[in-house]
Amino acid sequence: DAAAVIAIGEYNLNYLRHMFPGDHSKIVRIYNGLDLASFPYRKPERRNKEIVAVGRLVEKKGFDILIKACALLNTRRSNQFHCSIIGTGPLESTLRAQIEQLGLNTRVQLTGALPRIEMLRYIQEATVLAAPSVIGHDGDRDGLPTTLLEAMALGTPCISTDVTGIPEVLHDGDTGLMVSQRDSVTLANALERLLEDPELATSLAEKARALIESKFDIHKNTAALREIFLNSALKAAASWRDAC
């Protein structure tokens, strides 16, 4: 019955059009936007060897895989690195036990929840943001994580997986690095690449920022949304006049 239906990504758009083929034409994609003035870009140069991840401590975020990857890094790297996982959730005690068991207490930190401004500072000061999303055993999954978009806007290189809408923004070797779900080895390899290759980090960050400016500017996207509201209102008014 809706005049228009907005999907926030191509994955969602294709799903809805498949489910409702008779309403294909009124389902459109408009990405959620960022106010880019609040996300100043900074080149990922001269940063500490810091890995950051943000999200609820639940299965679909894949933080247990990230911790395993950090354990692998810890065995192969002579240089120091540190990983901060920001967030709270039901798996907190399980993840703390995993960190303890793997001997990563000095390498991996669960920070708990942080004020938003402090979380963004962590992201912009990090060498890499890891978003190792997985499809949970109950089918739960990420759509297009806002944290990923924010990191790309801020200039922090990102690593993620091919879950749902993530490949729409993270193009492997171009705007970020893509790894397989639940694969701690490939995740460790990707983390090591960005920790050790500042030229690659800068290249990925610059292209990621350009993509965010092109597709996720809140002013452009809300203008498109306003246009849909206007057209819908005009059609409704015309229908009302015809009915009278």
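Scroll up to find the structure.
**Things to note about helix α2 (residues 63–76)**
Here is step 1: With 14 residues, α2 extends 20 Å between its outermost C-alpha atoms, agreeing within 8% with the 20 Å of an ideal straight helix rising 1.5 Å per residue.
Here is step 2: Within α2, burial applies to Phe 63, Ile 65, Leu 66, Ile 67, Ala 69, Cys 70, Ala 71 and Leu 73.
Here is step 3: Buried residues belonging to α2 abut β3 (50–54), β4 (82–86), α3 (92–101), β5 (108–112), β6 (128–131) and α6 (184–196).

**A word on helix α4 (residues 116–125)**
Here is step 1: Listed as buried for α4 are Met 119, Leu 120, Tyr 122, Ile 123 and Gln 124.
Here is step 2: Contact partners of the buried residues in α4: β3, β4, β5, β6 and α5 (146–154).

**Some points on the pattern of salt bridges**
Here is step 1: What the rule picks out here adds up to 13 salt bridges.
Here is step 2: Notably, a salt bridge pairs Asp 142 with Lys 61, separated by 2.9 Å at the nearest N-O pair. Note that Asp 142 is positioned in the loop between β6 and α5 and Lys 61 in the loop between β3 and α2, a separation of 81 residues in sequence.
Here is step 3: Looking at Asp 142, the relative accessible area reads 6%, which means it is buried.
Here is step 4: Using a relative accessible area of 16% as the deciding quantity, one classes Lys 61 as buried.
Here is step 5: With a closest N to O distance of 2.5 Å, Glu 150 and Arg 116 form a salt bridge. Residue Glu 150 is located in helix α5, and its partner Arg 116 is located in helix α4; the two are separated by 34 residues in the primary sequence.
Here is step 6: Shared partners join several salt bridges into a network, and the residues in it are Glu 118, Arg 121 and Glu 125.

**As for the pairing of β3**
Here is step 1: Where burial is concerned, most of β3 is hidden: 5 out of the 5 residues are buried.
Here is step 2: Of the two faces of β3, the one lined by Glu 50, Val 52 and Val 54 and the one lined by Ile 51 and Ala 53 are each fully buried.
Here is step 3: In this sheet, β6 lies alongside β3 in parallel orientation, the contact comprising 2 bridges. If you follow Ile 51 over to β6, its bridge partner there is Val 128.

**Section: the nonpolar core**
Here is step 1: Ile 51, Leu 66, Ile 85, Ile 159 and Leu 191 are the most contacted members of the largest nonpolar core, which has 33 residues in total.
Here is step 2: Contributions of two or more residues to this core are made by β3, α2, β4, α3, β5, β6, α6 and α7 (198–215).
Here is step 3: With 8 residues, α2 is the single largest residue contributor to this core.
Here is step 4: Apart from the residues within four sequence positions on either side, Leu 66 is in contact with Ile 51, Ala 53, Cys 83, Ile 85, Ala 130, Pro 132, Leu 187 and Leu 191.
Here is step 5: In this structure, Phe 39, Val 52, Tyr 122 and Leu 154 belong to the second largest nonpolar core, which totals 30 residues.

**Notes on the sheet that holds strand β7 (residues 158–160)**
To summarise the sheet geometry, strands pair through backbone hydrogen bonds and adopt either a parallel or an antiparallel arrangement.
Here is step 1: Reading across from one edge, β5-β4-β3-β6-β7-β8 is the order of the 6 strands in this open sheet, with parallel pairing throughout. Only two strands of the sheet have a single partner each, and these edge strands are β5 and β8 (177–178).
Here is step 2: By the bridge criterion, 3 bridges tie β6 to β7 in an arrangement that is parallel. Across the sheet, the residue bridging to Ala 131 is Ser 160, located in β7.

**Let's talk about the state of the cysteines**
Here is step 1: The final tally for this structure, using the stated rule, is 0 disulfides.
Here is step 2: Free of any disulfide, Cys 83 has its nearest cysteine sulfur in Cys 70, 4.0 Å distant.
Here is step 3: Here Cys 83 falls in the buried class, since its relative accessible area comes to 0%.
Here is step 4: Between Cys 158, a cysteine without a disulfide, and Cys 83, which holds the nearest cysteine sulfur, the sulfur-to-sulfur distance is 14 Å.
Here is step 5: The exposure class assigned to Cys 158 is buried, which follows from its relative accessible area of 1%.

**What about unusual backbone geometry?**
Here is step 1: Not every positive phi belongs to a glycine, and Arg 46 is a case in point at roughly 50°.
Here is step 2: Positionally, Arg 46 belongs in the loop between β2 (27–29) and β3.
Here is step 3: Within the chain, Thr 164 stands out as a residue other than glycine whose phi angle is a positive 40°.
Here is step 4: Structurally, the position occupied by Thr 164 is in the loop between β7 and β8.

**A short note on the environment of His 24**
Here is step 1: Within the secondary structure layout, His 24 lies in the loop between α1 (10–19) and β2.
Here is step 2: Among the residues examined, His 24 registers a relative accessible area of 39% and is labelled partly exposed.

Cut-off values and rules
- Residues numbered from 1 in each chain as written.
- Predicted model: local features only at pLDDT ≥ 70, side-chain atom pairs only at ≥ 80, totals over all residues.
- Heavy atoms only, no water.
- Helix = DSSP H or I, 4+ residues; strand = E, 2+ residues; numbered from the N terminus.
- Expected span 1.5 Å × (residues − 1).
- Buried < 20%, exposed > 50% of the residue type's maximum accessible area, 1.4 Å probe, protein only.
- Contact = heavy atoms within 4.5 Å.
- Salt bridge = Lys/Arg side-chain N within 4 Å of Asp/Glu carboxyl O.
- Pairing = 2+ DSSP bridges.
- Core = buried A, V, L, I, M, F, W, Y, C linked by side-chain atoms within 4.5 Å.
- Disulfide = S-S within 2.5 Å.

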